Amino acid sequence: MLTSCQTMGTGDGRPSQAAILMMQIGAVVILAILSLLWLRFLSLKGLLAGKTQQTIDSEEKYRFITENTSDVIWILNLSTNKFSYISPAIYPLRGYTPEEAMQQELSETLTLESLEYLQAKSPSRRQEFIENPDGQKHYIDEVQQPCKNGTIIWVETSTQFQYNAAGEIETI
């Protein structure tokens with residue numbers, strides 16, 4: 001089999017001027033392609049860094065809001081009946097730290113009467129969400145919650161359903 005140098009050679013084993021020119025052009029094309037790929041990599045890297053900074057800024061803003069509002073923000077996974085998040089506002093309201101409150105069973109966070117009330121409402125609300133998850137319906141309820149010091153307080157809750165990343169239904 002003949003190589004391009006042999007077919008375009010001078011006859012004495014050296015490549016011809018045309019062969020040298022073709023190799024130089026090939027090298028320039030390869031360098032140009034590599035340069036374009038490098039520039040594309042750098043632009044994507046810059047875009048990702050910008051998105052990352054935007055995400056960081058957004059997360060910091062939401063964290064600031066949730067940690068400094070007087071309203072308790074919580075997320076309850078309905079598959080596990082466990083809280084996945086409770087904001088620090090729980091402490092002045094009920095006397096529990098977020099960590100302590102997240103360890104509580106749902107039955108420990110409500111009086112029996114309030115728990116029964118919400119358990120009666122939950123199936124139809126959940127079904128309504130499943131049938132229309134984009135409806136974003138909010139539910140307002142007044143329930144009683146026990147505090148760490150033993151007192152019972154009335155609170156107003158505003159809740160809605162959502163799917164989490166695992167596809168499970170949560171109440172916020």
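The structure under discussion appears in the preceding block.
As a starting point, this report considers the structure included with it. Small disclaimer: the values here were computed from a predicted structure and weren't measured.

Counting secondary structure elements, the protein contains 6 helices and 6 strands. In the protein, the succession of α and β elements from N to C terminus is α-α-β-β-α-α-α-α-β-β-β-β. Counting across all 172 residues of the protein, residues that qualify as buried make up 23%. Within the protein, residue pairs in contact and separated by at least 24 positions form 37% of the contacts whose partners lie at least 6 positions apart. Total accessible area on the protein stands at roughly 12,200 Å², and carbon and sulfur atoms take up 60% of it.

Let's shift gears to the pairing of strand E3 (residues 139-146). As a general feature of sheets, a regular strand has side chains that alternate between the two faces. Of all 8 residues that make up E3, 6 are buried, and the element is covered over most of its length. When E3 meets strand E4 (residues 152-159), the two strands line up antiparallel, connected through 8 bridges. Looking at E4, one finds that Asp141 is bridged to Thr157. Connecting E3 to the antiparallel partner E4 that follows it, the hairpin turn spans 5 residues, and Gly150 within it adopts a positive phi of roughly 100°.

Leu76, Leu78, Phe83, Ile86, Ile90, Tyr96, Ala101, Phe129, Tyr139, Phe161 and Ile169 together form the largest nonpolar core, which totals 11 residues. Not counting residues within four places of it along the chain, the set of residues in contact with Leu76 comprises Asn81, Lys82, Phe83, Leu106, Ile169, Glu170 and Thr171.

A separate point is the sheet that holds strand E6 (residues 169-171). Strand order in the open sheet formed by 4 strands is E2-E1-E6-E5, and the pairing between neighbours is antiparallel. With one partner strand each, in any of the chains shown, strand E2 (82-86) and strand E5 (161-163) form the two edges of the open sheet. Averaged over all pairs of adjacent strands, the angle between strand axes in this sheet comes to 30°, irrespective of strand direction. Where strand E1 (residues 74-77) and E6 come together, 2 bridges link them in antiparallel fashion. What sits directly across from Leu76, in E6, is Thr171. Against the sheet, helix H6 (residues 112-131) contacts E5 and E6, and its axis sits at roughly 50° relative to E5.

The rules behind each value
Residues numbered from 1 in each chain as written. Predicted model: local features only at pLDDT ≥ 70, side-chain atom pairs only at ≥ 80, totals over all residues. Heavy atoms only, no water. Helix = DSSP H or I, 4+ residues; strand = E, 2+ residues; numbered from the N terminus. Buried < 20%, exposed > 50% of the residue type's maximum accessible area, 1.4 Å probe, protein only. Contact = heavy atoms within 4.5 Å. Areas by Shrake-Rupley, 256 points an atom, 1.4 Å probe, with all protein chains shown as cover. Pairing = 2+ DSSP bridges. Core = buried A, V, L, I, M, F, W, Y, C linked by side-chain atoms within 4.5 Å. Axes fitted to C-alpha atoms, helices over the stretch in contact; angles between N-to-C directions.

On their own, these measurements won't tell you what the molecule is for.
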